[in-house]
Amino acid sequence: MKRVLGALDAAHRAGDDARFRALCEQYAVVLDAGREEWLRAPQHVADAFRQSPEQARPYLRMILRVARELDALGHPESLRRLAGAERPGSPQEKVHEAQLLAEDGEQEACEALLREVLDEFTGDSGWTSDIHGRLCDCAARRNDLDTAIAHARQAHAFAQQAGGRRVADTATSLAALLAARELRLGTPDGKRLGACRETLTRAQKLSDRARFAESNRLLRELLTQASTWPRDAAAQRHLGKIYGLMGLNHFYAGDRDEARAWTERALHECRRCRDTVGAEIYRANLEEIGRADPPPIARRG
């Protein structure tokens, strides 16, 4: 356990988020089973805290990050413990109660309880992001897209402050809700987005059937249309996928140079849009393209 915690502490202090998440995922079962040990601060941390709370904050922030990662991986007990879930009326207990209300279809009661938690506890960005995310889900279930989008924006903003895996999740959720609203309104932007998604789906199906040239023909036509889109068009969010699918088609057709060029464009576009999930996929694909024996590379869903 000490070795794992030491590696996590090193990754945390170095700001290596990818390494930190990977360690949490790799040792999730071990960390969950040993939570009684690491949730208690070591003696030197406790001594440092008594002398100066600031000295102990890096370790305390680290174990809070571990608890959040474990919660996202399906091991919620450590985060519940840190949030004081055992105490009646604690924020975590109220969130659990709100979840039960939502499952029973009591949306208004669920939202009221979540808003109560939000009013009482706003000191932690990760926690606040989670509450806004839950309120977003409630509004979406009521088919109130405007309210859902407002909470999704807040969830993403607080996730960016907190860092970690929720940044990508909240960005994806916000983008999906914005797209849904455009499609529902039937605006020119919504129609453009719908046509873009339809063409991408057709191109993906052609690629899945190994008809790479036909798939790329559709994608080139789509890129020609994209050159006329306004810079703030909702369909612009799909450029990374368009470039990435072009790269994948060229890869399987045996043209590595074109595959590399299009995948680099996809990676650049995802980084520009802060699409961390897409960026990780295309970065890994570039590594595969450079290898001698081409194994299957990742496709975006």
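Since this is a predicted model, take the numbers as computed values, not measurements.

Draft legend 1. A look at the overall build of the protein chain. Scanning the protein chain from N- to C-terminus turns up 17 helices and zero strands. Residues classed as buried in the protein chain amount to 44% of the 301 residues present. Within the protein chain, contacts between residues separated by at least 24 positions form 56% of all contacts whose residues are at least 6 apart in sequence. Taken as a whole, the protein chain presents about 16,300 Å² of accessible surface, with 49% of it coming from carbon and sulfur.

Draft legend 2. Geometry of the packing of aromatic side chains. Taken as a whole and judged by the stated rule, the model has three aromatic pairs. Taking 5.9 Å as the distance between ring centres and 35 degrees as the angle between the ring planes, the aromatic pair formed by tyrosine 243 and tryptophan 262 counts as tilted. Residue tyrosine 243 is located in helix α15 (residues 239-252), and its partner tryptophan 262 is located in helix α16 (residues 256-272); the two are separated by 19 residues in the primary sequence. By relative accessible area, which is 10% here, tyrosine 243 ends up buried. By the ring-pair criterion, three or more aromatic residues cluster together here, those being Phe212, Phe251 and Tyr252. The ring of phenylalanine 20 has arginine 65 lying over it, and the distance from NZ or CZ to the ring centre is 4.0 Å. Over the face of the ring belonging to tyrosine 243 we find arginine 265, whose NZ or CZ atom lies 4.4 Å from the ring centre.

Draft legend 3. Focus on the environment of arginine 141. As for its position among the elements, arginine 141 is in helix α10 (residues 125-141). Sequence spacing of arginine 141 and glutamine 107 is 34 residues, and the spatial spacing of their C-alpha atoms is 8.2 Å. Ignoring any residue separated from it by four or fewer positions in sequence, one finds arginine 141 in contact with Ala102 and Gln107.

Draft legend 4. Region of the structure containing the pattern of salt bridges. Inspection of every chain in the model, using the stated rule, returns 12 salt bridges. Two residues, glutamate 214 and arginine 211, come together in a salt bridge whose shortest N-O distance is 2.6 Å. Where salt bridges share partners, they join Glu111, Arg142 and Asp144 into one cluster.

Draft legend 5. Here's a closer look at the packing of α15 against α16. For the pair α15 and α16, the least separation of the axes is 7 Å and the interaxial angle reads 160 degrees. With respect to α16, the axis of α15 lies roughly antiparallel. Pair α15 / α16 crosses with left-handed handedness. Taking contact as the criterion, the partners of Leu239, Gly240, Tyr243, Gly244, Met246, Gly247, His250 and Phe251 in α15 are, on α16, Glu258, Ala259, Trp262, Thr263, Arg265, Ala266, Glu269 and Cys270. Among the residues forming the contact of α15 with α16, the class breakdown is eight nonpolar, five polar and three charged.

Draft legend 6. Here's a closer look at the packing of helix α11 (residues 145-162) against helix α12 (residues 166-185). Here α11 crosses α12 at 155 degrees, and the two axes come no closer than 9 Å. With respect to their mutual orientation, α11 and α12 come out roughly antiparallel. Relative to α12, the crossing made by α11 is left-handed. Only Arg166, Val167, Thr170, Ala171, Leu174, Leu177, Leu178, Ala180, Arg181 and Arg184 of α12 make contact with α11, whose side of the interface consists of Leu145, Asp146, Ala148, Ile149, Ala152, Arg153, Ala155, His156, Ala159 and Gln160. In terms of residue class, the contact of α11 with α12 is built from 12 nonpolar, three polar and five charged.

Draft legend 7. Seen up close, helix α2 (residues 17-26). The set of residues buried in α2 consists of Phe20, Arg21, Leu23 and Cys24. Seen along its axis, α2 keeps its buried residues to an arc of 160 degrees; they face one direction. Turned more than 90 degrees away from the buried face of α2 sit Glu25 and Gln26, all of them exposed.

Draft legend 8. Highlighting the side chain of histidine 238. Residue placement: histidine 238 occurs in the loop between α14 (212-226) and α15. For histidine 238, a relative accessible area of 15% puts it in the buried group. In this view, histidine 238 contacts Leu193, Cys196, Arg197 and Leu200; residues no more than four positions away in its chain are not counted.

Reading the values: rules and limits
Residues numbered from 1 in each chain as written. Predicted model: local features only at pLDDT ≥ 70, side-chain atom pairs only at ≥ 80, totals over all residues. Heavy atoms only, no water. Helix = DSSP H or I, 4+ residues; strand = E, 2+ residues; numbered from the N terminus. Buried < 20%, exposed > 50% of the residue type's maximum accessible area, 1.4 Å probe, protein only. Contact = heavy atoms within 4.5 Å. Areas by Shrake-Rupley, 256 points an atom, 1.4 Å probe, with all protein chains shown as cover. Phe/Tyr/Trp six-rings, centres within 6.5 Å; stacked < 30°, edge-to-face > 60°. Lys NZ or Arg CZ within 6 Å of the ring centre and 35° of its normal. Salt bridge = Lys/Arg side-chain N within 4 Å of Asp/Glu carboxyl O. Axes fitted to C-alpha atoms, helices over the stretch in contact; angles between N-to-C directions. Parallel < 35°, antiparallel > 145°, perpendicular 65-115°, else oblique. Left-handed = near helix turned anticlockwise from the far one by under 90°. Nonpolar A, V, L, I, M, F, W, Y, C, P; charged D, E, K, R; others polar. Arc of directions from axis to C-beta.

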